[in-house]
Amino acid sequence: MSSRRHDIADDLRHQITTGRIKAGERLPSEADLARQYTVSTPTLRSALAVLEREGLVEKIHGKGNFVRRPLGKIVYVGGRGSLNLSTAAGAALRVTVRRTAIRADGQLTALFRVPSGSPLTEYFCLSHEDESPHSLARIYVPHDLTPTAALSDGHSCEGTARGFAALNPPADEIRETVCARLPTPDEASTLRISSATAVLAITRFAADSVGRVIEVAHLVFPGGRADAVFTTHHVINERRTQG
């Protein structure tokens, strides 16, 4: 079974990379492919799972298996502003935004340094390249910093970033934690990636000049779609240079 799985994956991979099967094209049904390769449906699905983990194929529920269009790579630049969606800006990316009023609990209570039940606003942002989900973010702000005008869907990443820039006072402290991990089932489903595909997960924490936390953001990028860049500026000790 393992040998047949790899043989099928190799053949389909060759057809995709040589252009015999085009990007965005729907593959034959799993039943038809199983008959074509004279294997069982579980073996065929196992071969497709190999290509899914490689990012060559994506399975869209209710529609079938498609050759994935190559998605653009973005650069996340750390330490800019209270929200850094502008670093993910690209002409082909658009963002849908869902706003929800929630109450702080668990990790959010600790991150915002507020009592459990304190009112927050959650923004769930999903960026798309054409029709494919690209990356996602969950951004939380204190309820009193929520603007009366809602951010609208379909904006570019750059336009959405400008909208978020108006949410909060300027950040005096920004802390970002970056890790590579496997996606949660919800993240894998939303981004239409394999549960075996590593993601770049960034937690942003921003506080104002008096120490109040004005934003917490959880950003998730499939590993092959983003680079994270952080720049350190060294402060020169003036007394030492004068001496």
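Quick summary incoming for the structure in this document. Owing to the predicted nature of the structure, the values given are computational and were not obtained by experimental measurement.

Calculation notes
Residues numbered from 1 in each chain as written. Predicted model: local features only at pLDDT ≥ 70, side-chain atom pairs only at ≥ 80, totals over all residues. Heavy atoms only, no water. Helix = DSSP H or I, 4+ residues; strand = E, 2+ residues; numbered from the N terminus. Salt bridge = Lys/Arg side-chain N within 4 Å of Asp/Glu carboxyl O. Buried < 20%, exposed > 50% of the residue type's maximum accessible area, 1.4 Å probe, protein only. Pairing = 2+ DSSP bridges. Core = buried A, V, L, I, M, F, W, Y, C linked by side-chain atoms within 4.5 Å. Contact = heavy atoms within 4.5 Å. Expected span 1.5 Å × (residues − 1). Axes fitted to C-alpha atoms, helices over the stretch in contact; angles between N-to-C directions. Parallel < 35°, antiparallel > 145°, perpendicular 65-115°, else oblique. Left-handed = near helix turned anticlockwise from the far one by under 90°. Arc of directions from axis to C-beta.

Comments concerning the environment of Thr17
- Following the sequence through the fold, Thr17 ends up in helix H1 (residues 2-17).
- Sequence spacing of Thr17 and Leu56 is 39 residues, and the spatial spacing of their C-alpha atoms is 8.9 Å.

Quick notes on the pattern of salt bridges
- A complete count under the given rule lists 14 salt bridges for this structure.
- Salt-bridge contacts for Arg13 lead to Asp10; the nearest nitrogen and oxygen are separated by 2.6 Å. Of this pair, Arg13 and Asp10 both sit in helix H1, separated by three residues, roughly a single helical turn.
- Under the relative-accessibility criterion, Asp10 is labelled partly exposed at 42%.
- Arg192 serves as the salt-bridge partner of Glu58, at 3.1 Å between the closest nitrogen and oxygen.

Overview of the pairing of strand E2 (residues 64-67)
- Of the pairings in the sheet, the one linking strand E1 (residues 57-60) to E2 comprises four bridges and is antiparallel in character. When the sheet's bridge partners are listed, Glu58 is paired in E2 with Phe66.
- Where E1 folds back onto E2 in an antiparallel hairpin, the turn is made up of three residues, including Gly62, whose phi is positive at roughly 80°.

Some remarks on the nonpolar core
- Counting 17 residues, the largest nonpolar core has Ile8, Leu12, Ile21, Leu27, Tyr37 and Leu44 as the members making the most contacts within it.
- With five residues, the top contributor of residues to this core is helix H3 (residues 41-53).
- Filtering out sequence-adjacent residues up to four positions away, Ile21 remains in contact with Leu12, Gln15, Ile16, Leu27 and Val67.

Quick word on the environment of Leu33
- Turning to its location among the elements, Leu33 is positioned in helix H2 (residues 30-36).
- Its relative accessible area of 2% is what places Leu33 among the buried residues.
- Considered as a pair, Leu33 and Leu44 are eleven residues apart in the sequence and their alpha carbons are 7.2 Å apart.
- With near-sequence residues (within four places) excluded, Leu33 lies in contact with Leu27, Pro28 and Leu44.

Focus on H3
- In this model H3 runs 18 Å from its N-terminal to its C-terminal C-alpha over 13 residues, within 8% of the 18 Å that 1.5 Å per residue would give.
- If you follow the buried residues of H3, they end up packed against H1, H2, E1 and E2.
- Among the residues trailing H3, Gly55 stands out with phi positive, at a value near 80°.

A word on the packing of H1 against H3
- At a minimum axis distance of 8 Å, the contact between H1 and H3 shows a crossing angle of 50°. Between H1 and H3, the angle falls in the class oblique. H3 is crossed by H1, and the crossing has right-handed handedness. Between H1 and H3, the residues in contact are Arg4, Arg5, Ile8, Ala9, Leu12 and Arg13 and Thr43, Leu44, Ser46, Ala47, Leu48, Val50 and Leu51, respectively.

As for H1
- For H1, with 16 residues, the first-to-last C-alpha span of 22 Å sits near the 22 Å given by 1.5 Å per residue.
- Among all positions of H1, only Ile8, Ala9, Leu12, Gln15 and Ile16 are buried. Buried residues along H1 cover an arc of 125° about the axis, so they all sit on one side.
- Downstream of H1 by one or two residues, Gly19 has phi in the positive range, about 85°.

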